[in-house]
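Given next are the chains, with one letter for each unit.
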Amino acid sequence: MESKKTILELNKVSMHFGGLTAVDELSLDVKEGEIVGLIGPNGAGKTTVFNCVTQFYKEYTGDIYFQNHDGDQVDLRDYKVTDIAKLGLIRTFQNVELVKDLSILDNLLIGAHHHYETGIIQHILHTKKARSEEKRMKEKAYEILKFLKIYEIKDFYVAGQPYGILKKIEIARTLMSDPKLIILDEPAAGLNDQETDELETLIHQIRENYHTTILLIEHDMGFVMNICDRVCAINFGKFLAMDIPKNIQKNPSVQEAYLGKDE
Amino acid sequence: MNVKFLTKIEELLGPFSAKLRKHPNLTFVVFGLLLCLVALLPHLGLMNFGTMSIIAYITIYAVTALGLNILLGFSGLISLGTAGFVGAGALGTAVFIEMGLPFELAVVLVLTISGSIGALIGLFSLKVEGIYLAIATLFVGEILRQIYTQVPIFGGNSIQIDGGIKLLGFIELSQIFKEQRSMLFVLLVIIMVLMMIAMNNIIKSKTGRALLAMSRSEHAAQAMGISLLKYRLTAFVLATLFATVGGIMYAMYFQTIPTTSWSLDLSLFIIAMVVVGGFKSIYGTFLGAFIIHGIPNLILKDLLGDISYIFSGVLIILVIIFYPNGFVYIWVDIKKGYSKLKKRLQKDVTTDGK
Ligand SMILES: Nc1ncnc2c1ncn2[C@@H]1O[C@H](COP(=O)(O)OP(=O)(O)OP(=O)(O)O)[C@@H](O)[C@H]1O
Ligand SMILES: [Mg+2]
């Protein structure tokens with residue numbers, strides 16, 4: 001593990017909302033090929049960390065570095081929020097954010113948005129290049145849909161699908177962008193036990209088949225302990241510990257943060 | 001009617017509808033060809049020319065409303081200034097032609113100017129949302145209306161394109177001659193079909209999906225690399241271009257362009273067409289134009305005279321109550337009803353057999 005390159009590095013990142021310090025001098029790193037969990041009680045600042053990493057918030061202090069497709073370390077602050085996907089960094093949202101009045105397939109194609117090279121004029125004229133590009137993207141989507149076992153329902157609207165399927169579509173959409181690092185905000189929330197087990201296998205398969213690194217926020221401790229190589233615990237925006245799951249469970253400051261809470 | 005009869009019809013139409021499903025743009029062409037037949041009817045004494053003009057209006061409104069559907073249906077944006085851009089298309093074309101420019105150059109100039117103003121509104125839309133955007137666009141429309149009525153180059157109450165439209169420098173089409181008027185009508189239908197195909201290609205492409213993503217979830221859109229600036233601009237430029245094309249169609253067909261008709265009333269009527277006909281639906285938009293402009297003028301007026309507008313008002317309210325996403329979605333109900341009917345007939349057959 002030591003020899004692996006660092007793909008994401010947070011260096012003393014802080015984020016304030018008015019008087020509230022949501023993230024407080026947080027440092028952590030994620031290595032290539034790892035599955036890392038970010039845990040902490042409600043309101044600990046986990047989602048805020050994701051929003052800083054993906055540049056939705058620009059007002060943070062400290063530095064966030066990412067290793068791009070060429071293997072160079074880049075300062076994410078230099079990139080616009082809409083350029084992050086192109087770098088190979090893609091996320092999901094705590095409240096599933098899909099386009100309900102589009103088919104599942106079309107939602108996946110949105111994930112490939114930045115891969116398209118043809119422009120609107122070519123689309124209007126329906127040029128050969130535009131058609132073959134669209135076809136290529138669709139074939140890629142079919143593969144991912146089959147991998148996630150939702151190929152049969154690809155033409156249905158997203159509206160009306162059960163929650164478990166919605167979560168899968170969101171993950172499928174991230175895969176469309178050829179990510180190096182996928183960050184998942186509570187992927188298991190709202191899933192039943194069977195679906196959670198399935199998700200565990202799925203995340204492992206994603207890492208193997210798509211050669212990605214995964215950083216995830218999750219409240220389900222069983223899930224986190226089963227799946228993660230390392231876990232980072234935070235409370236009130238502050239770093240508590242980062243270690244392998246077994247040690248995190250035993251860590252006194254982590255236990256204290258969760259004291260009085262289930263699990 | 002029995003089930004055999006229904007299956008027979010299905011078999012007959014089967015290959016045809018399969019082909020259309022494979023090439024959706026072909027349906028617009030078929031639709032256009034059917035509509036072109038209207039151009040013949042007045043010459044056969046089956047329709048008067050006034051009726052053809054009402055249908056010409058519907059094609060103009062349909063194109064304009066398609067553009068607005070990009071804003072309302074896809075991008076979650078609004079404009080109350082549509083009429084201003086229809087006016088720009090109509091009056092601009094006339095002014096440039098009267099200045100001696102060829103028709104095609106006039107069209108390019110008008111589209112460029114309108115499109116630029118549309119882009120400015122798009123930029124502005126990043127700063128203001130919802131009701132504020134509505135008010136801002138209302139005033140853009142109002143400013144344009146003032147320009148048309150006050151600035152002398154637009155010349156008083158109306159501008160006339162003398163001698164008609166000259167296509168490619170040699171095909172002269174004037175509203176005065178009946179045959180040429182029919183030709184102009186066909187031209188309008190062709191333009192409408194092309195705009196429908198363009199619209200369909202846009203909404204089925206990355207752009208259409210990006211516009212929807214932007215309006216349904218700004219955050220997810222940005223995380224996927226969809227720039228709000230780029231797509232707000234795209235939405236407004238497209239909407240103004242469609243409206244301007246509507247205006248150009250007006251200038252081509254009527255050739256006398258009033259300066260005073262491009263007011264808020266018209267913008268609101270266009271919005272009503274989108275709402276009543278169908279959000280996000282191309283045929284729905286045409287249907288909306290037909291319901292709002294066609295039904296009162298073609299049907300109700302002859303039956304009821306001036307109070308026809310009251311009836312069309314009531315009709316519109318009923319449509320909104322029962323089909324909040326647009327009347328075009330009645331199609332879904334028709335399909336459901338049809339398969340129910342078929343099932344019932346089939347059951348009758350089997351029970352009869354016993
Ligand atoms: N946009 C915002 N403006 C003001 N305060 C915010 C904003 N976003 C988050 N906060 C506050 O920052 C703190 C951290 O919130 P955050 O959403 O990051 O927590 P979290 O760890 O993701 O919690 P949960 O497990 O409930 O999702 C909370 O106190 C929250 O109220
Ligand atoms: Mg959260």
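Cut-offs used in this document
- Residues numbered from 1 in each chain as written.
- Chains lettered and ligands numbered in written order.
- Predicted model: local features only at pLDDT ≥ 70, side-chain atom pairs only at ≥ 80, totals over all residues.
- Heavy atoms only, no water.
- Helix = DSSP H or I, 4+ residues; strand = E, 2+ residues; numbered from the N terminus.
- Rg over C-alpha atoms; globule rule 2.2 N^0.38 Å.
- Buried < 20%, exposed > 50% of the residue type's maximum accessible area, 1.4 Å probe, protein only.
- Contact = heavy atoms within 4.5 Å.
- Areas by Shrake-Rupley, 256 points an atom, 1.4 Å probe, with all protein chains shown as cover.
- Lys, Arg positive; Asp, Glu negative; His and termini not counted.
- Charge placed at Lys NZ, Arg CZ, Asp CG, Glu CD.
- Pairing = 2+ DSSP bridges.
- Buried area = accessible area lost by both parts, 1.4 Å probe.
- Salt bridge = Lys/Arg side-chain N within 4 Å of Asp/Glu carboxyl O.
- Polar contact = N/O pair within 3.5 Å; in protein donor to acceptor, adjacent residues only side chain to side chain.
- Near = heavy atom within 4 Å.
- Nonpolar A, V, L, I, M, F, W, Y, C, P; charged D, E, K, R; others polar.
- Expected span 1.5 Å × (residues − 1).
- Arc of directions from axis to C-beta.
- Donors = N, O, S within 2.8 Å, 3.2 Å for Na, K, Ca; no water.
- pLDDT = per-residue confidence, 0-100.
- Axes fitted to C-alpha atoms, helices over the stretch in contact; angles between N-to-C directions.
- Parallel < 35°, antiparallel > 145°, perpendicular 65-115°, else oblique.
- Left-handed = near helix turned anticlockwise from the far one by under 90°.

Novice: When you look at the overall build of chain A in this model, what are you seeing that I'm missing?
Specialist: Looking only at helices and strands, chain A has 10 helices and 10 strands in total. The globule rule puts the C-alpha radius of gyration for 263 residues at 18 Å, and the 19 Å found for chain A is close to it. On the principal axes, the C-alpha backbone points of chain A span a range of 60 × 40 × 40 Å. The proportion of buried residues among the 263 residues of chain A is 54%. Contacts in chain A between residues far apart in sequence, at least 24 positions, make up 67% of those at least 6 positions apart. Split by element, the accessible area of chain A, about 12,100 Å² in all, is 50% carbon and sulfur. One finds the centroid of the 31 positive side-chain charges in chain A at a distance of 5 Å from the centroid of its 41 negative side-chain charges.

Novice: Which parts of the structure should I look at to understand the pairing of strand β4 (residues 61-67) of chain A?
Specialist: Two faces belong to every sheet, and in a regular strand the side chains alternate between them. Residues and elements named next belong to chain A. Looking at chain direction, strand β1 (residues 6-17) and β4 are connected through five bridges and run antiparallel. If you follow L8 over to β4, its bridge partner there is F66. Bridging between β4 and strand β5 (residues 73-75) involves three bridges; their strand directions are antiparallel. Each residue of the ladder has a partner; that of Q67, found in β5, is Q73. Joining the antiparallel neighbours β4 and β5 is a turn of five residues, in which G71 adopts a positive phi near 85°.

Novice: Sorry if this is basic, but what is going on with the interface of chain A and chain B here?
Specialist: In many analyses, interface size is given as the accessible surface area lost on bringing the parts together. In this complex, chain A contributes 25 residues to the contact, which on the side of chain B involves 25 residues. Interface area, chain A with chain B, both sides summed: about 2,300 Å², of which 65% is carbon and sulfur. At the junction of chain A and chain B, the tally comes to four salt bridges. The interface formed by chain A and chain B holds seven residue pairs in polar contact (both at pLDDT 80 or more) in total. Looking at the side of chain A that touches chain B, the elements that each hand over two or more residues are β6 (89-91), α3 (104-111) and α4 (120-125) of chain A. With four residues, the top contributor of residues to the side of chain A that touches chain B is α3(A).

Novice: I'm lost on the site of ligand 1 in this one. Help?
Specialist: All names here are of chain A. If you check the shell around ligand 1, you find 14 residues, and the closest are K46, T47, T48, Q94 and H219. Residue N42 places a side-chain N or O atom 2.9 Å away from an oxygen atom belonging to ligand 1. One nitrogen or oxygen atom from the main chain of G45 is found 2.9 Å from an oxygen atom belonging to ligand 1. When the free accessible area of ligand 1 is taken as 630 Å², the share hidden by the protein chains comes to 63%. Elements represented by at least two residues in the shell around ligand 1 include exactly β2 (20-31) and α1 (46-53). The biggest single contributor to the shell around ligand 1 is α1, with three residues. Looking at the shell around ligand 1 residue by residue, the class counts come to five nonpolar, seven polar and two charged.

Novice: How should helix α5 (residues 128-147) of chain A be read in this particular structure?
Specialist: One turn of the α-helix equals 3.6 residues, which is why residues spaced by three or four share an orientation. Residues and elements named next belong to chain A. Look at α5: 29 Å from first C-alpha to last across 20 residues, which is about the 28 Å you get at 1.5 Å a residue. Looking at α5, one finds that the buried residues are A130, E133, E134, M137, A141, I144, L145 and F147. Considered in projection along α5, the buried side chains sweep an arc of 155° and stay on one side of the axis. Residues of α5 that are exposed and angled more than 90 degrees away from the buried face: K128, K135 and E143.

Novice: Is there a simple way to think about the coordination of the magnesium ion (ligand 2) in this case?
Specialist: Tetrahedral coordination by four donors puts the ideal angle at the metal at 109.5 degrees, and octahedral coordination by six puts it at 90 or 180 degrees. Residues and elements named next belong to chain A. Of the protein atoms, only T47 (OG1) and Q94 (OE1) coordinate the magnesium ion (ligand 2), at distances of 1.9 to 2.1 Å. Of this pair, T47 sits in helix α1 while Q94 sits in the loop between β6 and α3; the two residues are 47 residues apart in sequence, bridging distant segments of the chain. Judged by relative accessible area, which is 24%, T47 ranks as partly exposed.

Novice: Hey, could you run me through helix α11 (residues 264-277) of chain B in this one?
Specialist: Residues and elements named next belong to chain B. Helix length check: α11 (14 residues) gives 20 Å between terminal C-alpha atoms against 20 Å at 1.5 Å per residue, within 8%. Along α11, the positions that sit buried rather than exposed are L266, S267, I270, I271, M273, V274, V276 and G277. The inward-facing, buried residues of α11 abut α3 (49-75), α4 (82-98), α12 (282-304) and α13 (308-322).

Novice: Before we go on, may I ask you to explain the confidence of the model for chain B in this structure?
Specialist: Fine structural detail should not be taken from predicted coordinates in areas where pLDDT scores are low. In the predicted model, chain B carries a mean pLDDT of 85, and the fraction of residues at 70 or more is 96%. Per-element mean pLDDT across chain B ranges from 72 in strand β3 (residues 171-173) of chain B up to 94 in helix α8 (residues 206-216) of chain B.

Novice: Which parts of the structure should I look at to understand the pairing of β1(A)?
Specialist: Residue and element names in this part refer to chain A. Looking at chain direction, β1 and β2 are connected through eight bridges and run antiparallel. Looking at the pairing, M15 lines up with V23 of β2. Hairpin remark: β1 followed by β2, antiparallel, with two residues in the connecting loop; positive phi at G18, about 60°.

Novice: Honestly, the pattern of salt bridges in this entry has me stumped. Any pointers?
Specialist: Where side chains of opposite charge bring their charged atoms close, a pairing between them can arise. All names here are of chain A. Under the counting rule described, the total for this entry stands at 17 salt bridges over all chains. K31 is the salt-bridge partner of D29, the closest N and O atoms lying 2.6 Å from each other. Here K86 makes a salt bridge to D83, at a shortest N to O gap of 3.8 Å. Judged by its relative accessible area of 23%, D83 is partly exposed. The network of salt bridges with common partners includes D29, K31, E34 and R230.

Novice: I would appreciate a short explanation of the packing of α4(B) against helix α10 (residues 228-254) of chain B in the present structure.
Specialist: To describe two helices that pack against each other, one gives the angle between their axes and the distance between the axes. All names here are of chain B. At a closest axis distance of 7 Å, the pairing of α4 and α10 adopts a crossing angle of 45°. It follows from the interaxial angle that α4 and α10 lie oblique. With respect to the hand of their crossing, α4 and α10 are arranged in right-handed fashion. Contacts between α4 and α10 involve T82, F85, V86, G89, A90 and T93 on the former and, on the latter, T240, A243, T244, G246, G247, I248, Y250 and A251. The residue makeup of the contact of α4 with α10, split by class, is seven nonpolar, seven polar and no charged.

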